[in-house]
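Given next are the chains, with one letter for each unit.
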Amino acid sequence: MPQENAKIRPLFVVPNIDEEDEKFDDDSSDEAICKICFGTGLEVVAGKGARNCECRRKKAHSHLIERAQLPKRYAECHFHSFKVFNASQERAFRYATRLAMEYPAVDRGLLLSGTVGVGKTHLAVSILKGLTERGFSCLFYEFGALLKNIQDSYNSISKTSELKILAPVFDAEILVLDEIGAAKPTDWVRDTMAHIINSRYNDQKMTIFTTNYPDERGSEREETLEDRIGVRLRSRLHEMCRTVTISGEDFRKNFDKIAPLKK
Ligand SMILES: [Zn+2]
């Protein structure tokens with residue numbers, strides 16, 4: 001898909017450097033001094049003036065990537081490494097790239113739904129990376145890991161508190177919650193989920209979810225997302241996100257359910 005790849009390029013041109021600048025003033029001493037700006041952060045262009053040096057952009061980006069807390073196993077995930085095998089994946093890819101490029105001029109986040117291995121997390125991670133490249137602050141959490149961190153914080157020996165774990169989850173400008181519905185839905189899990197999702201909803205912050213659970217029951221034994229998270233939360237997610245179903249096999253089954261892209 002050469003056209004789609006061409007669209008991704010602008011993500012590597014990054015604004016919003018100024019806000020990050022002061023954060024790097026104190027830690028620049030232990031690194032080699034930049035040969036372009038000699039550590040000033042400004043590159044002098046002969047006959048034209050000065051502009052922000054590339055090294056600042058790179059530092060700002062690596063700082064944002066660090067703060068996003070992406071698991072190492074997703075290091076290679078980005079839009080350019082996403083493999084498209086069917087129309088539902090192509091469509092999801094378009095929604096994802098569009099979101100990464102047009103944020104904050106978007107009305108909703110994304111709920112990427114589909115079975116294991118169709119590329120949901122790959123796309124969610126790619127959105128997050130694209131947004132950090134554009135200078136936005138993001139956070140990634142696998143939902144089960146987040147629940148475990150919260151539970152661990154109840155432990156008296158633990159040096160952290162529930163609020164300390166949750167504050168960045170509430171505050172992140174863009175949050176990816178991977179694998180929602182995967183945790184066994186006890187009352188505590190549902191309450192915690194509701195707390196997080198409602199807080200982000202009330203603050204109008206963009207959240208991107210992935211889930212293995214479908215909306216439509218494929219067979220009698222299959223659980224739906226609603227079974228896993230409850231009716232009220234499922235409907236809250238509808239308000240917060242566009243649901244995009246990615247299929248690994250019969251993509252035509254899900255294709256018609258996805259609303260057409262607005263031009
Ligand atoms: Zn420099």
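Residues numbered from 1 in each chain as written. Predicted model: local features only at pLDDT ≥ 70, side-chain atom pairs only at ≥ 80, totals over all residues.

(A) Looking closely at the overall build of the protein. Broken down by element type, the protein carries 11 helices and seven strands. Taking contacts inside the protein between residues at least 6 apart in sequence as the whole, the part at least 24 apart equals 75%. (Helix = DSSP H or I, 4+ residues; strand = E, 2+ residues; numbered from the N terminus. Contact = placed C-beta atoms within 7 Å.)

(B) Spatial organisation of the sheet that holds strand β5 (residues 174-178). With respect to topology, five strands assemble into an open sheet ordered β4-β5-β6-β3-β7, the strand pairing being parallel. A strand with exactly one partner marks an edge of an open sheet, and here the two such strands are β4 (138-142) and β7 (241-245). Strand-to-strand twist of the sheet, defined as the mean angle between neighbouring strand axes without regard to direction, takes the value 15°. Pairing analysis gives four bridges linking strand β3 (residues 109-113) to strand β6 (residues 206-211), with the strands arranged parallel. Within the sheet, the bridge partner assigned to Leu111 lies in β6 and is Phe209. Sitting on the sheet, helix α6 (residues 143-154) touches β4 and β5, and the angle it makes with β4 is about 85°. (Pairing = 2+ DSSP bridges. Axes fitted to C-alpha atoms, helices over the stretch in contact; angles between N-to-C directions.)

(C) Fine view of the confidence of the model for the protein. Confidence in the prediction for the protein averages 84 pLDDT; 83% of positions are at 70 or higher. Overall, residues 1-30 carries pLDDT values under 50, and its contacts beyond four positions in sequence, including any with other chains, amount to 35 contacts. Every residue in residues 250-260 scores below 50 in pLDDT, and together they form 13 contacts with partners more than four places removed in sequence or on other chains. (pLDDT = per-residue confidence, 0-100.)

(D) Up close: helix α8 (residues 187-202). If you check α8, its first and last C-alpha atoms are 22 Å apart, about what 16 residues at 1.5 Å a residue would give, namely 22 Å. Along α8, the residues classified as buried are Met193, Ile196, Ile197 and Arg200. For α8, the angular spread of the buried residues around the axis is 90°, confining them to a single face. In α8, the exposed positions angled more than 90 degrees off the buried face are occupied by Asp187, Trp188, Asp191 and Asn202. Residues of α8 that are buried sit in contact with α7 (162-171), β5, β6, α9 (225-229) and α10 (231-240). Two residues or fewer after α8 comes Gln204, characterised by a positive phi angle close to 55°. (Expected span 1.5 Å × (residues − 1). Buried ≥ 20, exposed ≤ 12 C-beta atoms within 10 Å, placed from the backbone. Arc of directions from axis to C-beta.)

(E) Quick peek at the pairing of strand β1 (residues 42-45). Examined bridge by bridge, β1 and strand β2 (residues 49-52) share four bridges and lie antiparallel to one another. If you follow Glu43 over to β2, its bridge partner there is Arg51. Linking β1 back to β2 in an antiparallel pair, the connection comprises three residues, with Gly47 at a positive phi of about 75°.

(F) A look at the packing of α6 against α7. Between α6 and α7, the least distance of the axes is 8 Å, while the angle of their chain directions is 150°. The orientation of α6 with respect to α7, classified from their angle, is roughly antiparallel. Contacts from Leu146, Asn149, Ile150 and Ser153 in α6 reach Glu162, Ile165 and Val169 in α7. (Parallel < 35°, antiparallel > 145°, perpendicular 65-115°, else oblique.)

(G) Layout of the nonpolar core. By size, the foremost hydrophobic cluster in this structure holds 50 residues, and its most contacted members are Ile127 and Leu128. If we skip the residues at most four places from it in the chain, Ile127 touches Ala96, Leu99, Ala100 and Ile208. (Core = buried A, V, L, I, M, F, W, Y, C linked by C-beta atoms within 7 Å.)

(H) Geometry of the packing of helix α3 (residues 54-68) against helix α5 (residues 120-133). Contact geometry for α3 and α5: axes closest at 9 Å, N-to-C directions at 145°. For α3 against α5, the interelement crossing comes out right-handed. Residues His61, Leu64, Ile65 and Ala68 of α3 touch α5, and the partners they reach there are Leu128, Thr132 and Glu133. Class assignment of the residues belonging to the contact of α3 with α5 gives a composition of four nonpolar, two polar and one charged. (Left-handed = near helix turned anticlockwise from the far one by under 90°. Nonpolar A, V, L, I, M, F, W, Y, C, P; charged D, E, K, R; others polar.)

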